[in-house]
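Chain by chain, the residues:
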Amino acid sequence: MPAPKKTARRSLLVTSALLSSLALAAPAAVAAPSPSGSPSASPSGSPSATPPASMSTVGGARLGQPGTQVNLASGVPVLPKDVSARSWIVADAESGDVLAAHNAHWRLAPASTLKMLFADTLLPKYPRTAKHKVAPSDLAGIGPGSSMVGIKEDETYTVHDLWLGVFLRSGNDAVRVLSAMNKGVENTVKEMNEHAEELQALDTHVVSPDGYDAEGQVSSAYDLTLIARSGLQKKDFREYASTVSAKFPGETKKDKKGKTVRKSFEIQNTNRLLSGDADLPVYQGIAGIKNGNTTNAGATFTGVAERNGKVLLVTVMNPEKPEHNEVYKETARLFDWGFKAAGKVQPVGELVPPTSAAQAGAQPGTNPSGEAGGSGNGAGGTAGTGAKPVASAPAANGSSGIGIALGITGGVLVLLAGGAFLVNRRWPLPDLVRRRTRP
């Protein structure tokens, strides 16, 4: 189904973003040819090998231009040449500055990176200690070949278990069960689309809550970065997204003695910058987010990392190169560039705030954690019992490398007249695994 027409409200948001972007310095632009190769999804679901000539200008006029956008100046490092992704973005997670981008608003299939929006929408609703017995209808409609964590019918799981399944194993079965708890898939999709609009993620249209390929389901590197930035303001989101491994409940069975037992099995995070792989070391300062891969989307990834006091967000969509782990390798190159360029390069745009940010900032008594129910057991500091500590590798300067995520007064963003963020309070990225031996 095609993406719906946007409301007049969206037009006003885009116009406002365009006007505020005109104040951005733009001494030089580098327009690289758009990648070519296998087709990718357009909003209509038809294949498209090149980005549109004109795209959304939310966050700045230059972000709506095809090709690579970066401001060249003395002392600014050259962008890595071996980045083949159709679309990517490098942004400062705290200030919201977009340091460089390539086809930032190209609407492409997002794969499981869309689960970031699912989590940002639903995480505050249910305490992690809440339990749910899985009915057969909860697992209906899961696409063939979906990634699964291994949920079984008629078994009971805590909300904490289900979120581990979503974040670590990208389990579409866990997404479907949480959607069933949320009055069904249709209602969940509706709420996700509404939340995307609130975040000004206007390139995004949700059809399937798990990110499985669906006609008309699209997002963009810009939107996925906005969504990740919003999610990082929630403590549970930060912790689940950066958990390396955890125990997940298995199936209830009878042992040899006839006793009913339910053993757990270990699940590993499929984010290879976080967990590492044979050809890929753990990235220094990485603190999570979300990866995805489908036939239509190719490989997609949004990550957050901290080094020397700087926190960056990088999103990479659909690298052309067929090499193993290419999406992570290209992300690592862009992170490396961003950390070298931070403080030297003039931004080409910005990550805009949610539409309700200014209004919410004036309301007293807002929960500063951004959590409505995600930490319902009152636990803090870890993603919960049974999960290994959340991960981040030591920073390059030899310090503990403790990360800094978005910090905001009262859990909301303060919108300034110029359309920028004011960071009044900082929240730490997860750092517990700095105490464990890295692979």
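Residues numbered from 1 in each chain as written. Predicted model: local features only at pLDDT ≥ 70, side-chain atom pairs only at ≥ 80, totals over all residues. Heavy atoms only, no water.

A. Just the pattern of salt bridges, in detail. Within the structure shown, the criterion is met by 12 salt bridges. Notably, a salt bridge pairs Asp-82 with Arg-333, separated by 3.2 Å at the nearest N-O pair. Taken together, the positions of Asp-82 in the loop between strand S3 (68–69) and strand S4 (85–92) and Arg-333 in helix H9 (residues 326–341) put the pair 251 residues apart, joining distant regions of the chain. Look at Arg-333 and you get partly exposed, because its relative accessible area is 24%. (Salt bridge = Lys/Arg side-chain N within 4 Å of Asp/Glu carboxyl O. Helix = DSSP H or I, 4+ residues; strand = E, 2+ residues; numbered from the N terminus. Buried < 20%, exposed > 50% of the residue type's maximum accessible area, 1.4 Å probe, protein only.)

B. Broad picture of the environment of Asn-291. Here Asn-291 shows up in strand S10 (residues 286–294). For Asn-291, a relative accessible area of 10% corresponds to the buried category. Measuring from C-alpha to C-alpha, the distance between Asn-291 and Asn-269 comes to 9.8 Å, with 22 residues separating the pair along the chain. With residues up to four places along the chain from it excluded, the contact list for Asn-291 reads Ser-112, Thr-113, Ser-170, Thr-270, Asn-271, Thr-300, Phe-301 and Tyr-328. Of note is the side chain of Asn-291, whose polar atom sits 3.1 Å from the side chain of Tyr-328. (Contact = heavy atoms within 4.5 Å. Polar contact = N/O pair within 3.5 Å; in protein donor to acceptor, adjacent residues only side chain to side chain.)

C. Molecular detail of the packing of aromatic side chains. One pass over the full model with this rule turns up 9 aromatic pairs. Taking the centre distance of 5.5 Å and the plane angle of 50 degrees together, the rings of Phe-118 and Trp-163 count as tilted. Of this pair, Phe-118 sits in helix H2 (residues 115–122) while Trp-163 sits in helix H3 (residues 159–169), and the two are 45 residues apart along the sequence. Residue Phe-118 shares its accessibility class with Trp-163, and that shared class is buried. The rings of Phe-118, Trp-163, Phe-167, Phe-237 and Tyr-240 are connected pair by pair, giving a single aromatic cluster. Here the basic side chain of Arg-262 rests over the ring of Tyr-157, its NZ or CZ set 4.8 Å away from the ring centre. (Phe/Tyr/Trp six-rings, centres within 6.5 Å; stacked < 30°, edge-to-face > 60°. Lys NZ or Arg CZ within 6 Å of the ring centre and 35° of its normal.)

D. Molecular detail of the nonpolar core. With 66 residues, the main nonpolar core has Ile-151, Trp-163, Phe-167 and Tyr-222 as its most contacted residues. Top contributing element to this core by residue count: H3, with 7 residues. Sequence-distant contacts of Ile-151, defined by excluding residues within four places in its chain, comprise Val-134, Leu-139, Tyr-157, Leu-162, Asp-173, Ala-174, Val-177 and Phe-248. With 31 residues, the next largest nonpolar core counts Val-244, Val-282, Tyr-328 and Phe-335 among its residues. (Core = buried A, V, L, I, M, F, W, Y, C linked by side-chain atoms within 4.5 Å.)

E. Main features of H9. Relative to the 22 Å expected for 16 residues at 1.5 Å per residue, H9 spans 22 Å between its end C-alpha atoms, a close match to the ideal helical length. By the criterion of burial, H9 is predominantly enclosed, with 12 of the 16 residues buried. Looking one or two residues past H9, Gly-343 carries a phi angle of roughly 85 degrees, positive in sign. (Expected span 1.5 Å × (residues − 1).)

F. Molecular detail of helix H4 (residues 172–181). Counting buried residues in H4 gives 9 out of 10 residues, a clear majority hidden from the surface. Those residues of H4 not exposed but buried are Asn-172, Asp-173, Ala-174, Val-175, Arg-176, Val-177, Leu-178, Ser-179 and Met-181. Where H4 is buried, its residues contact H2, strand S6 (131–133), H3 and helix H5 (185–198). Once H4 finishes, Lys-183 follows within two positions and takes phi at roughly 65 degrees, a positive value.

G. Representation of the pairing of strand S11 (residues 298–307). Burial within S11 is extensive, with 10 of its 10 residues counted as buried. Judged from the 8 bridges that link them, S11 and strand S12 (residues 310–319) form a sheet pairing that is antiparallel. Opposite Phe-301, over in S12, you have Val-316 as the bridge partner. Hairpin geometry of S11 and S12 is characterised by an intervening segment of 2 residues between the two adjacent antiparallel strands and by a positive phi of about 50 degrees at Asn-308. (Pairing = 2+ DSSP bridges.)

H. Region of interest: the confidence of the model for the chain. For the chain, the average pLDDT comes to 79, and 70% of its residues sit at 70 or higher. Every residue in residues 1–47 is under pLDDT 50, and counting partners more than four places away or in other chains gives 104 contacts. Ignoring residues within four places in sequence, the model shows residues 431–439, a span with pLDDT below 50, making 26 contacts including any to other chains. (pLDDT = per-residue confidence, 0-100.)

I. Summary view of the side chain of Glu-326. Within the secondary structure, Glu-326 sits in helix H9. Side-chain polar atoms of Glu-326 contact the side chain of Arg-333, separated by 3.4 Å. Every residue in contact with Glu-326, bar those within four places of it in the chain, is listed here: Asp-82, Pro-319, Lys-321 and Arg-333.

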